[in-house]
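These are the residues of each chain, in order.
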Amino acid sequence: MTLDDLAAVIATRSTAEASESWTAKLLAQGPAKCAEKFGEEAVEAVIEAVRGDKAALTNEAADVLFHLLVMLKSRDVALDDVMAELARRQGTSGLAEKAARKKG
Ligand SMILES: N=c1c2ncn([C@@H]3O[C@H](COP(=O)(O)OP(=O)(O)OP(=O)(O)O)[C@@H](O)[C@H]3O)c2ncn1[C@@H]1O[C@H](COP(=O)(O)O)[C@@H](O)[C@H]1O
């Protein structure tokens, strides 16, 4: 399963009945609800990262990635565009980028 596969599943499920699909139910509640859910899952992942429970963190990280993609879908942001932004950054050290931002 790749993120592209998951984004495709989310796109397909977005038009399902809300009573039959978590994806559709969440999207029907709007971008703010999708963002709230993503935030909750992110916090759960943070907690497991701090605790150091690898299995629990793996589980929560899966929730984070799924809910990130649902949140992007709720605002019609394509995963391809996010990946293109990451590609644009490739080869530039995060530290060098941060230093350049602070100068400007
Ligand atoms: N990957 C996921 C996925 N990850 C998490 N979730 C759901 O996200 C919800 C999280 O909600 P909650 O935080 O309330 O659940 P919870 O964390 O168990 O609850 P608490 O203990 O925190 O209260 C649960 O209902 C999970 O089932 C997901 N729902 C769907 N998918 C994918 O999307 C596909 C389509 O699913 P539907 O849209 O439901 O058909 C599935 O086949 C999967 O591939």
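Residues numbered from 1 in each chain as written. Predicted model: local features only at pLDDT ≥ 70, side-chain atom pairs only at ≥ 80, totals over all residues. Heavy atoms only, no water.

**Q** How should the nonpolar core be read in this particular structure?
**A** One recurring pattern in soluble globular proteins is that nonpolar side chains are buried together. Counting 10 residues, the largest nonpolar core consists of Leu 6, Ile 10, Leu 26, Leu 27, Cys 34, Phe 66, Leu 69, Val 70, Leu 72 and Leu 79. For this core, the element with the most residues is helix 4 (residues 54-74), which contributes four residues. Dropping the residues within four chain positions of it, Cys 34 is found in contact with Leu 26, Leu 27, Val 70, Met 71 and Ser 74. (Core = buried A, V, L, I, M, F, W, Y, C linked by side-chain atoms within 4.5 Å. Buried < 20%, exposed > 50% of the residue type's maximum accessible area, 1.4 Å probe, protein only. Helix = DSSP H or I, 4+ residues; strand = E, 2+ residues; numbered from the N terminus. Contact = heavy atoms within 4.5 Å.)

**Q** How should the pattern of salt bridges be read in this particular structure?
**A** Any two side chains of opposite charge can pair, on the condition that their charged atoms come close. Within this structure, the stated rule accounts for six salt bridges. Here Arg 88 makes a salt bridge to Glu 85, at a shortest N to O gap of 2.7 Å. Here Arg 88 and its partner Glu 85 are both found in helix 5 (residues 79-89), three residues apart, which amounts to about one turn of the helix. Owing to a relative accessible area of 59%, Arg 88 belongs among the exposed residues under this scheme. Judged by relative accessible area, which is 28%, Glu 85 ranks as partly exposed. (Salt bridge = Lys/Arg side-chain N within 4 Å of Asp/Glu carboxyl O.)

**Q** How do you make sense of the site of the ligand when you look at a structure like this?
**A** Near the ligand you find Val 9, Arg 13, Ser 21, Trp 22, Thr 23, Lys 37, Glu 41, Glu 44, Asp 63, Phe 66 and His 67, and these make up its full shell. Lys 37 is positioned with one of its side-chain polar atoms (N or O) 2.9 Å from an oxygen atom of the ligand. At 3.1 Å, a side-chain N or O of Glu 41 approaches an oxygen atom of the ligand. Against a free-state accessible area of 840 Å², the protein chains account for coverage of 50% of the ligand. Put simply, the parts of the chain that give the shell around the ligand at least two residues each are helix 1 (3-13), helix 2 (22-28), helix 3 (31-51) and helix 4. Residues belonging to the shell around the ligand are distributed by class as follows: three nonpolar, three polar and five charged. (Near = heavy atom within 4 Å. Polar contact = N/O pair within 3.5 Å; in protein donor to acceptor, adjacent residues only side chain to side chain. Areas by Shrake-Rupley, 256 points an atom, 1.4 Å probe, with all protein chains shown as cover. Nonpolar A, V, L, I, M, F, W, Y, C, P; charged D, E, K, R; others polar.)

**Q** Quick question: what am I supposed to make of the environment of Ala 84 here?
**A** Within the secondary structure, Ala 84 sits in helix 5. The class of Ala 84 is partly exposed, set by a relative accessible area of 43%. Spatially, the C-alpha atom of Ala 84 lies 22 Å from that of Ala 62, the residues being 22 residues apart in sequence.

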